[in-house]
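# Per-entry structural report
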Amino acid sequence: MSHAEPFRIRSVETIRLISAAERKASLERAGYNPFKLPAKDVFIDLLTDSGTGSMSDNQWAAMHCADESYAGSASFFRLRDTIREITGFEELIPTHQGRAAERVFCDVMLQKGDVVVSNGLFDTTRANVERVGAIGIDIPTPTALDPGHPDLLKGAIDLKALDGVLAKGGVKLCILTITNNTFGGHPMPLENFQEAVKRCRAKKVPVFIDGARYAENAGMLIRRDPSCKGRTPRDLCAEFFKLADGMMMSAKKNAIVHIGGFIALHDAVLASKLRENLIVTEGFETYGGLAGRDLDAMAIGLKEALDPAALDQRLGQVERFHKKLVDAGVPVMLPAGGHGVYIDAAKLLPHLPAEQLPGHAVAVELYLEGGIRTCEIGTLMFPPGSRPEGSPELTRLAIPWRTYTDNHFDHIVETFQKILARREKVRGYRIVEAPAALRHFRAVLAPV
Ligand code: F0G
């Protein structure tokens, strides 16, 4: 099968690799935190795939034809109908992004002491759960904690552990994250999802999907799980949605937009409570903090991400990059994630203990050596106690949709080769200053 992109490029954005001395100075000014770098000092930006993809001609065109009415905009109804068609959820609550959906949802659903169980809460989801005094418990499949394990479906929840958590009581909610970003961006298998739902139903625990990357989840299952071979992404996604009570989504990922999110669900009474909360801070219930044009771009992007050719290109590009890194001897988490590649930083820098933040040290070196911006997913992002013991120290190279070519990835592989040649000299980092919640975003660090 051809690897050629099923699109051509009609609008381009100039990027520049500034000098090594300029990169060093810029990073020092940023307190050694890539989140604080000015984007103009970055050559290849793999900090996130969130809101950084390239929109299509059809998305831009739809934005031009949007309805900016404060209430009852036609754009809202177009998005609602698209989400109904794809997910079957009747009620739509738009929000400006995923964490706004999480904030509204957790405010209404949870109380102090409630337990939320998950295959892997993302950092903002965990922060919103904890913000209302609830407790988040991640129980990923044990293979997800071993970066070298070849399991192709590491996004699963540990069903035995789920039985244990449910038996203890106090579980108010189950959030199943597809794909499981915190533990490698891997797919949750359909059968595992069905089993988890069955167990939650038996205990009357509602199940909501964190669907930020639901299309990639289906695309990877079609590529990797023999039981899903030959299915269409849309039909496979529908199997997940039909079992859940609702979903939250950061549309900045698999709706390929620069901003947007939503909650979608069946329960009209709960939806009404969520809307009441929404209006206080996000805006009226038919726009939720977004412009009409954002709603239209989402409606188009949701369908584009489910196109089999688009998904194949997307996932194939990440897999080829992953293979090039493996071939170059870079210790990467196996297998490739849907939205990126995760480096096994503890293996790349074995002389650095977890408290010296090896995943962060890799991110620093990638910037200094090649102008590449990435982010740590390890002890910096998840302080001790907030993840299962033995969770890996990772550096995530998140790949935006339709944005970089294979030549960009070759530059990254070459950068890694230079780092590998001097790996034992790479220093660790310590936190000088950091806020209590979501500390990685704003932390100031220094070399040890
Ligand atoms: N859920 C998942 C699985 C996510 O990956 C994210 C964001 C969110 C929820 C929150 O959505 O950013 O729109 O408020 N992940 C980004 C990332 C930030 O880089 O992985 P948001």
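What this report covers is the structure whose coordinates are included nearby. Worth saying up front: this structure is predicted, and the values here are computed from it rather than measured.

Cut-off values and rules
Residues numbered from 1 in each chain as written. Predicted model: local features only at pLDDT ≥ 70, side-chain atom pairs only at ≥ 80, totals over all residues. Heavy atoms only, no water. Core = buried A, V, L, I, M, F, W, Y, C linked by side-chain atoms within 4.5 Å. Buried < 20%, exposed > 50% of the residue type's maximum accessible area, 1.4 Å probe, protein only. Contact = heavy atoms within 4.5 Å. 1 Å grid on protein atoms, 1.4 Å probe; cavity = no way out; pocket = protein on both sides within 12 Å on 5 of 7 lines; lining within 4 Å. Points joined across faces, edges and corners; volume = space filled by probe spheres on them. Helix = DSSP H or I, 4+ residues; strand = E, 2+ residues; numbered from the N terminus. Nonpolar A, V, L, I, M, F, W, Y, C, P; charged D, E, K, R; others polar. Axes fitted to C-alpha atoms, helices over the stretch in contact; angles between N-to-C directions. Parallel < 35°, antiparallel > 145°, perpendicular 65-115°, else oblique. Left-handed = near helix turned anticlockwise from the far one by under 90°.

Another point: the nonpolar core. Membership of the largest hydrophobic core comes to 60 residues, with the highest contact counts inside it found for Tyr214, Phe262, Met298 and Leu302. Those residues in contact with Phe262 that sit more than four places away from it in its chain are Ile83, Leu92, Ile93, Pro94, Thr95, Ala101, Met247, Met248, Met249, Met298 and Leu302. Counting residues in each nonpolar core, the second largest holds 42 residues, with Leu37, Val42, Ala345 and Val426 among its members.

In this section: empty space enclosed by the protein. On inspection of all chains with the given rule, the structure shows two cavities of 30 Å³ or more. Asn33, Pro34, Phe35, His360, Ala363, Thr374, Cys375, Glu376, Leu380 and His440 are the residues that line the largest cavity. Of all the elements in the fold, those that place two or more residues in the lining of the largest cavity are helix H14 (358-370) and strand S11 (375-377). Here the second largest cavity defines a volume of roughly 30 Å³. What lines the second largest cavity is Ile83, Ile86, Thr87, Tyr214, Met247, Met249, Phe262 and Leu302. Secondary structure elements with two or more residues in the lining of the second largest cavity: helix H3 (74-87) and strand S7 (246-250). The element that contributes the greatest number of residues to the lining of the second largest cavity is H3, accounting for three residues. Of the residues in the lining of the second largest cavity, the class split is seven nonpolar, one polar and no charged.

Here the focus is helix H5 (residues 123-131). The α-helix advances 3.6 residues per turn, and as a result positions three or four apart in sequence lie on the same side. Within the span of H5, buried status applies to Asp123, Thr124, Thr125, Arg126, Asn128 and Val129. Positive phi shows up at Gly133, right after H5, with a value of about 85°.

Close contact between H3 and helix H11 (residues 292-304) brings their axes to 8 Å; oriented N to C, the two are set at 25°. Classified by the interaxial angle, the pair formed by H3 and H11 is roughly parallel. In the crossing of H3 with H11, the sense of the turn from one axis to the other is left-handed. Contacts between H3 and H11 pair Ser75, Phe76, Arg78, Leu79, Thr82, Ile83, Glu85 and Ile86 from the former with Gly292, Leu295, Asp296, Met298, Ala299, Leu302 and Lys303 from the latter. Each residue belonging to the contact of H3 with H11 can be placed in one class, and the counts come to eight nonpolar, three polar and four charged.

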